[in-house]
Amino acid sequence: MILVTGATGFLGSELCRQLFLSGKNSIRCTKRSTSVVPKILLPFQKQIVWVEADLLEIDALNEALEGITEVYHCAALVSFDPSLKKKLIKNNVEGTANLVNLCVEKGIRLLHVSSIAAVGEGKPGELINEKHHLEESPKDNAYAMSKYESEMEVWRGMAEGLNAAIVNPSLIIGKNAGKEGTGQIFETVRKGLKFYTSGSCGLVDVEDVAKTMILLMESKISNERFIINAENWNYKTLFDEIADHFNLKPPSLKAKPWMLGLAWRASALGTFFTGKKIGVDKVTAQSASRIQDYDNCKVKEALGFEFKPVKQSIAEICAVLKSN
């Protein structure tokens, strides 16, 4: 039987959908009492065994793993708010450690969803691959720190005999994201974005992330990590492509690093005085000007996998947003 953590999230729900469509009917999914079941899983409600199990609660997690042979670990707290550092570490790292310990004890195979944030940066002109690692703790990026340390817990488990593989997805996009997560990028452009930045990023459709996860789980591959990235795009090209689908004028003003520096500092000041999250944060502002291009050769060669073109994904996302 299969267990999926984080099944109500963007990636977890797409993973479950694909598992059901492939004929996997014995699926148990964890959720919190406050979690809302995504629309794409409503057709499979009768087939899903929902269990309320917080990864920080050992007894509930242990019970959820009874009879399980495979675990897809998608659950994670996502935030770039530095004030949530302790919560990010506790939820993501401690929760993963608990799951790893029980999987080692019970002989369960684990597919862990890490993040591109846990992969180190490359030299100028160099594609970042699986051999890159964070060389020092990213103090300004609590989320990256939490995902890196969570991944280290999985590597620790593998040293203790855990049968596992790790995926490091780049920015995950998809038509079911709505206006949340990476969907905010599309909505921001739709509202009339005037500025663009000089950086670049990796992009991948959520459907492809789920597909590679299933292929890896069903393979004999273990003790390996894989960057899951379809294509590398600079932000200017990305914003232009999105604007074109909305029949809007693309952003024409370049936001230079010093301007972004002023922006996040002003946002931080506003947040301090109002108590509400305002504007751009430091991590997002700094990454917007970085060239971050990723190598996807390893996963393509290991699985014989071909990714959906990012242009196709963008078209699908914009069509859904326009229809809504």
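Residues numbered from 1 in each chain as written. Predicted model: local features only at pLDDT ≥ 70, side-chain atom pairs only at ≥ 80, totals over all residues. Heavy atoms only, no water.

J.: What is the right way to look at the sheet that holds strand β9 (residues 200-205) in this model?
T.: In sheet architecture, strand pairing relies on hydrogen bonds along the backbone and comes in two forms, parallel and antiparallel. Pairing within the open sheet is mixed, and its 3 strands lie in the order β7-β9-β11. Edge positions in the sheet fall to β7 (171-173) and β11 (231-234), since each has one partner strand and no second. Each strand axis lies, on average, 45° off the axis of its neighbour in the sheet, ignoring direction. As judged from the 3 bridges shared by β7 and β9, these two strands associate in the parallel manner. Residue pairing for β9: L171 is matched across the bridge by L203. Helix-sheet contacts for helix α11 (residues 310-323) involve β7, β9 and β11, and the interaxial angle to β11 is about 65°. (Pairing = 2+ DSSP bridges. Helix = DSSP H or I, 4+ residues; strand = E, 2+ residues; numbered from the N terminus. Axes fitted to C-alpha atoms, helices over the stretch in contact; angles between N-to-C directions. Contact = heavy atoms within 4.5 Å.)

J.: How should helix α5 (residues 183-190) be read in this particular structure?
T.: Residues that lie three or four places apart on an α-helix share one face, since the helix turns once every 3.6 residues. All of the buried residues along α5 are G183, F186, E187 and V189. For α5, the buried positions fall inside an angular range of 160° around the axis, keeping them on one side. Along its buried surface, α5 packs onto β7, α7 (235-245) and α11. The positive-phi residue at the C-terminal boundary of α5 is G192, with phi of around 105°. (Buried < 20%, exposed > 50% of the residue type's maximum accessible area, 1.4 Å probe, protein only. Arc of directions from axis to C-beta.)

J.: Looking at this structure, I do not really get the packing of aromatic side chains. What am I missing?
T.: Describing an aromatic ring pair means giving the distance of the ring centres and the angle of the ring planes. Counted according to the given criterion, the structure contains 3 aromatic pairs. Taking 5.1 Å as the distance between ring centres and 10° as the angle between the ring planes, the aromatic pair formed by F20 and F44 counts as stacked. Taken together, the residues span a long stretch of sequence, with F20 in helix α1 (residues 10-21) and F44 in the loop between β2 (27-31) and β3 (48-52) at a distance of 24 residues. Look at F44 and you get buried, because its relative accessible area is 13%. The ring centre of F226 lies 4.8 Å from the NZ or CZ of K298, which sits over that ring. (Phe/Tyr/Trp six-rings, centres within 6.5 Å; stacked < 30°, edge-to-face > 60°. Lys NZ or Arg CZ within 6 Å of the ring centre and 35° of its normal.)

J.: Would you mind going over unusual backbone geometry with me for this structure?
T.: In most cases, non-glycine residues show a negative phi, while peptide bonds are predominantly trans. Its identity is not glycine, yet N223 carries a phi of approximately 55°, on the positive side. In this structure N223 comes out as partly exposed when scored by relative accessible area, which is 39%. The phi torsion at N247 lies on the positive side, around 55°, for a residue other than glycine.

J.: Help me understand the nonpolar core, please; the structure alone is not making it clear to me.
T.: Looking at soluble globular proteins, one finds that nonpolar side chains tend to be buried together. Residues V4, L15, Y72 and M213 are the most contacted members of the largest nonpolar core, which totals 54 residues. The element contributing the most residues to this core is helix α6 (residues 206-217), with 7 residues. Setting aside chain neighbours within four positions, we find V4 in contact with G12, L15, C16, L19, I27, R28, C29, T30, Y72 and C74. One finds L3, L99, L102 and L162 within the second-largest nonpolar core, a separate group that totals 17 residues. (Core = buried A, V, L, I, M, F, W, Y, C linked by side-chain atoms within 4.5 Å.)

J.: Even after reading the chapter, I still don't get the environment of L65, so can you show me in this structure?
T.: Of note, L65 is situated in the loop between α2 (58-64) and β4 (70-73). Here L65 falls in the buried class, since its relative accessible area comes to 1%. For the pair L65 and L3, spaced 62 residues apart in sequence, the C-alpha separation works out to 7.3 Å. Aside from chain neighbours lying at most four places away, what touches L65 is L3, R28, V71, L99, L102, K106 and I108.

J.: What is the right way to look at the pairing of strand β1 (residues 2-5) in this model?
T.: Looking along a regular strand, one sees the side chains alternate between the two faces of the sheet. Residue alternation in β1 divides its side chains into two sets, I2 and V4 and L3 and T5, and both sets are buried. Direction of pairing for β1 relative to β2: parallel, over a ladder of 3 bridges. Bridge assignment links L3 to a residue of β2, and that residue is R28. You can see the chain leave β1, run along α1 and come back into β2, and the turn it takes is right-handed. Sheet analysis places β1 next to β4, joined by 4 bridges and oriented parallel. In the sheet register, V4 faces β4, and the bridge partner there is Y72. (Right-handed = clockwise from strand over helix to strand, strands pointing away.)

J.: What's the story with the packing of α5 against α11 in this structure? I'm lost.
T.: Between two packed helices, what matters for the description is the angle formed by their axes and the separation of those axes. It is at 11 Å that the axes of α5 and α11 come closest, and there the two elements cross at 65°. Viewed along their axes, α5 and α11 form a crossing whose handedness is right-handed. Two secondary-structure elements touch here, α5 through F186, E187 and R190 and α11 through I314, I317, C318, L321 and K322. Here the residues of the contact of α5 with α11 sort into 5 nonpolar, no polar and 3 charged. (Left-handed = near helix turned anticlockwise from the far one by under 90°. Nonpolar A, V, L, I, M, F, W, Y, C, P; charged D, E, K, R; others polar.)

J.: When you look at the sheet that holds β4 in this model, what are you seeing that I'm missing?
T.: The parallel open sheet is built from 7 strands, whose spatial order is β3-β2-β1-β4-β5-β6-β10. Looking at strand neighbours, the two that pair on one side only are β3 and β10 (224-228), the edges of this open sheet. Between one strand axis and the next, the sheet turns through 20° on average, direction left out of account. Against the sheet, helix α3 (residues 85-106) makes contact with β1, β4 and β5 (109-113), and its axis sits at roughly 170° relative to β4, the strand it touches most. Running over the sheet, α6 touches β4, β5, β6 (164-169) and β10 and is turned about 155° from β5.

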